[in-house]
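Given next are the chains, with one letter for each unit.
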Amino acid sequence: MTPLLQVSDIAKSYGARIGCTDVSFDLYPGEVMGSVGESGSGKSTLLSCLAGHLPPDRGKVRFDTRTNGLRDTVKMSEPERRMLSRTDWAFVHQHARDGLRMNVSAGGNVGERLMAVGARHYGDIRDAATDWLGRVEISADRVDDRPTAFSGGMQQRLQIARNLVTGPRLVFMDEPTGGLDVSVQARLLDLLRGLVREMNLSAIIVTHDLAVVRLLADRLMVMKDGHVVETGLTDQVLDDPQHRYTQLLVSSVLQV
Amino acid sequence: MISVQNVSKSFTLHNQGAATIPVMQGASLQVAPGECVALVGASGAGKSTLMRMIYGNYLAASGRILIGDVDVVQAEPRTILDLRRNVLGYVSQFLRVVPRVSALDVVAEPLLLTGTPHDTALGRAEALLTRLNIPERLWQLSPTTFSGGEQQRVNIARGFAYDYPALLLDEPTASLDVTNRGVVLDMVMAAKARGTAIVGIFHDDAARDQVCDREIDVAAFTPRAAA
């Protein structure tokens, strides 16, 4: 099987300071990779480099495109990369307002993505938008409301609907459950797990919450000071951590 | 089906003076299809550690652990994930699930992961929960709110939902009443009859004698102080 994403030797510095360095991994279809580490460990920098939001200083990010096989997205032209980010990728921001258009209706937020990949029939777009709102448990009578009228958890679910409506193959998530209260988190986690399974999605999830990666990620990458210090199966890394920093991280979690 | 060959394990505690604690060496065992092997030994002897290594949850320091033709010690995470989906089941002592997911969905999940149609999976989950005497009014509730025994039965239902060729059981009858203990032991016997290779930890002697063909004392794998 061809990996969906092949990351080799990615590095990004901010002046003399290391953002992230020497990051390499393969991600296969249907796999969810978690990335954990404290603030400043480089996990968000890495995500930005992978998603094409930030040009890395060196390294390759090869994505298995539908038509031309593995292509290095770092070297791609901007329009090509933008097309990929509309058709094949999705990016779920920590703050839903970064990923939504706040003064467009919920239905419009979802429909806009469809129009960006060529959908033109109003009825079809609206039906697809309503269907997706239902899948993320937003009732149909809220389709014309603006996200500003939604709670934080609803905004986050709307952002997920907007991102997944075009049937992407790879989803980047930056702290998708951060800032939500725990009851909403649980529902969102269940939703994401179901969608990953049904759509055979691959995902890269950046979070500092070990409980979230345990439930969501198949594999885990632990970052510290811009370096990947440990990788492996999520439960193995959490239950039998090998690196000093991972051991510290795992043993520092407060028990409820 | 399951072949553990000369496996060793030590824990290094980096944040406690980098103490290295050897916990196992020379561990070897073979389990044929249709056979149930019990791990025995005092508490702390390494029964669960060995079982977790077979599942790929703990890293072995050396040796080979073959499940079919996959060596868990060397395999890529992706290969182990595939193995866990299709070949190797594990009933742990404790249930770990997403909060607010119904018991029915928790039990059906292993089937859905292997591509079973939704209705078939739910039907099988219902049958298992019925057999394990989980009242129907609880099916739509999250098992995180259940009693210890109920949680364990949901965990067992989940572990037996898919017919894995190899199965690890960590004290499956520990907190069950007589009726449910009987049901679980029947399920273990049925799995054996299907040809499942089983490694189990049973503190319940009678249960162990009933379902297990052999015992392996893990104390034999404890590193000697001099070694």
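All residue numbers refer to positions counted from 1 along the written sequence of the respective chain. Here chains are named by letter from A upward and ligands by number from 1 upward, in the order in which they appear as written. Where totals are concerned, whole chains, interfaces and linings use all residues; where local detail is concerned, this predicted model gives features only for residues with pLDDT of at least 70, and gives and counts side-chain atom pairs only at 80 or more. Based on all heavy atoms of the structure, the side-chain values leave hydrogens and waters out of the count.

### As for the pattern of salt bridges
Residue and element names in this part refer to chain A. Between Lys or Arg on one side and Asp or Glu on the other, a salt bridge is scored when a side-chain nitrogen of the former is within 4 Å of a carboxyl oxygen of the latter. This model, assessed by the stated rule, comprises 31 salt bridges over all chains. Note that Asp 9 is salt-bridged to Arg 58, the shortest N-O span being 3.3 Å. Placement of the pair is Asp 9 in strand 1 (residues 5-14) and Arg 58 in strand 4 (residues 58-65), with a sequence separation of 49 residues. Only protein chains enter the calculation, and the probe is 1.4 Å; a residue is then buried if its accessible area is under 20% of its type maximum, exposed if over 50%, and partly exposed in between. Judged by its relative accessible area of 39%, Arg 58 is partly exposed. Strands are runs of DSSP state E lasting at least two residues, helices are runs of H or I lasting at least four, and both sets are numbered from the N terminus onward.

### Comments concerning the sheet that holds strand 9 (residues 219-224) of chain A
Residues and elements named next belong to chain A. When DSSP finds at least two bridges between two strands, those strands are taken to pair. In spatial order, the strands read 6-7-8-3-9-10; together these 6 strands make up an open sheet with mixed pairing. Both outer strands of the open sheet, strand 6 (89-92) and strand 10 (227-233), are each paired with one neighbouring strand and no more. Each neighbouring strand pair of the sheet contributes to a mean axis angle of 15°, computed without reference to strand direction. Taken together, the 4 bridges between strand 3 (residues 32-36) and strand 9 define a ladder with parallel strand orientation. The residue bridging Ser 35 from the neighbouring strand is Met 221, located in strand 9. Contacts are assigned to residue pairs that have any heavy atoms within 4.5 Å of one another. For helices, the fitted axis covers only the stretch in contact; all axes are lines through C-alpha atoms, and the angles between them, taken along N-to-C directions, range from 0 to 180 degrees. Relative to the sheet, helix 10 (residues 244-251) contacts strand 3, strand 9 and strand 10, its axis offset from that of strand 9 by approximately 105°.

### Comments concerning helix 1 (residues 47-55) of chain B
Residue and element names in this part refer to chain B. Counting buried positions along helix 1 yields 7 of 9 residues, so the element is predominantly enclosed. Burial in helix 1 covers these residues: Lys 47, Thr 49, Leu 50, Met 51, Met 53, Ile 54 and Tyr 55. Once helix 1 finishes, Gly 56 follows within two positions and takes phi at roughly 85°, a positive value.

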